Amino acid sequence: MAEQRIIRSPDIERTNRVPPGQRVTEKFPVLHHGSTPKIDVSKWTFRIWGLVEKERKLSYDEFLALPEVTVLSDVHCVTGWSKLDNTWEGVSTQVIKELIKILSEAKFVIVHAAGGFTTNLNISDFLEPDVLFAIKHDGETLTTQHGHPLRLVVPRLYFWKSAKWVEGVEFTARDRKGFWESRGYHNRGDPWKEERYG
Ligand SMILES: Nc1nc2c(c(=O)[nH]1)N[C@H]1C(S)=C(S)[C@@H](COP(=O)(O)O)O[C@H]1N2
Ligand SMILES: [Mo]
């Protein structure tokens, strides 16, 4: 494999790394709605659909064969904890963009995860260079609780946007609130602006 690219999320270059109202934890809490899904990777697929020229479906092996990136980032959970200096390895959203042709009408992305969980992003937040579909955290394959086989990581927004157990992405012209967004969380969730609730 070619040498991996390393991307440093801009937040880790700040002098003050902790957004307002957050406290640093060394732990890695587990948070999600409902029970942890059981995912059989031999049947798992990653589907890309909506406003794209041609829909794509990748198996787990096909996904693993995509070029990898390493991202260094901080995590900020809306419930108040922040976890600094995380290393994520996986596939950049830039690679997804090159796999398909996104139609010009596409302005939003709905990320779909197991059990019907969704989260929404505008396309520019989704395509920031530090956004990736992560397979590993701190050198280890993700645990099931933290989203194995695949989770989205959006370092510049609160961690609820970082969907665990991702199964696909849908490109849309109109915004559509996701699971937490339709339950009172902010539509965008910038931790530096304390965009916690809508
Ligand atoms: N599929 C799924 N992903 C999810 C959630 C969820 O309920 N379902 N919750 C989000 C929330 S609110 C948080 S804070 C983070 C927590 O990730 P962690 O358990 O790895 O710390 O996952 C996010 N991703
Ligand atoms: Mo959360």
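Above this text you will find the structure in question.
Here's a quick rundown of the structure. Predicted model, so just to flag it, every value in this text is computed and none were measured. (Residues numbered from 1 in each chain as written. Chains lettered and ligands numbered in written order. Predicted model: local features only at pLDDT ≥ 70, side-chain atom pairs only at ≥ 80, totals over all residues. Heavy atoms only, no water.)

## Quick notes on the nonpolar core
So, point 1. Counting residues in each nonpolar core, the largest one holds 34 residues, and the members touching the most others are Phe46, Phe63, Phe133 and Phe171.
So, point 2. Elements that contribute at least two residues to this core include exactly β3 (45-50), α1 (60-64), α2 (93-99), β7 (108-113), α3 (123-126), β9 (132-137) and β12 (166-172).
So, point 3. If you look at the next biggest cluster of nonpolar residues, it comprises 13 residues, including Val69, Val71, Cys77 and Phe159. (Core = buried A, V, L, I, M, F, W, Y, C linked by side-chain atoms within 4.5 Å. Buried < 20%, exposed > 50% of the residue type's maximum accessible area, 1.4 Å probe, protein only. Helix = DSSP H or I, 4+ residues; strand = E, 2+ residues; numbered from the N terminus.)

## Section: the pairing of strand β8 (residues 118-122)
So, point 1. Taken across its five residues, β8 has four buried, putting it largely inside the fold.
So, point 2. Of the strand pairs in this sheet, β7 and β8 are connected by five bridges, and their pairing is antiparallel. Each bridged residue has a counterpart across the sheet, and for His112 the counterpart in β8 is Thr118.
So, point 3. Here β7 hands over to β8 after four residues, with Gly115 in that stretch at a positive phi of 75°. (Pairing = 2+ DSSP bridges.)

## Overview of the pattern of salt bridges
Side chains bearing opposite charge may pair, as long as their charged atoms lie close to each other.
So, point 1. As enumerated under the stated definition, the model contains twelve salt bridges in all.
So, point 2. With its nearest N and O atoms 2.9 Å apart, the salt bridge here joins Arg14 to Asp11.
So, point 3. For Asp11, a relative accessible area of 5% translates into the label buried.
So, point 4. Note that Arg188 and Asp125 form a salt bridge whose closest N and O atoms lie 2.7 Å from each other. Taken as a pair, Arg188 in the segment after β12 and Asp125 in helix α3 lie far apart in primary sequence, 63 residues in all.
So, point 5. Bridged by salt links that share partners, the residues Arg17, Asp74 and Asp85 form one connected network. (Salt bridge = Lys/Arg side-chain N within 4 Å of Asp/Glu carboxyl O.)

Don't take any of this as a statement about function, it's just geometry.
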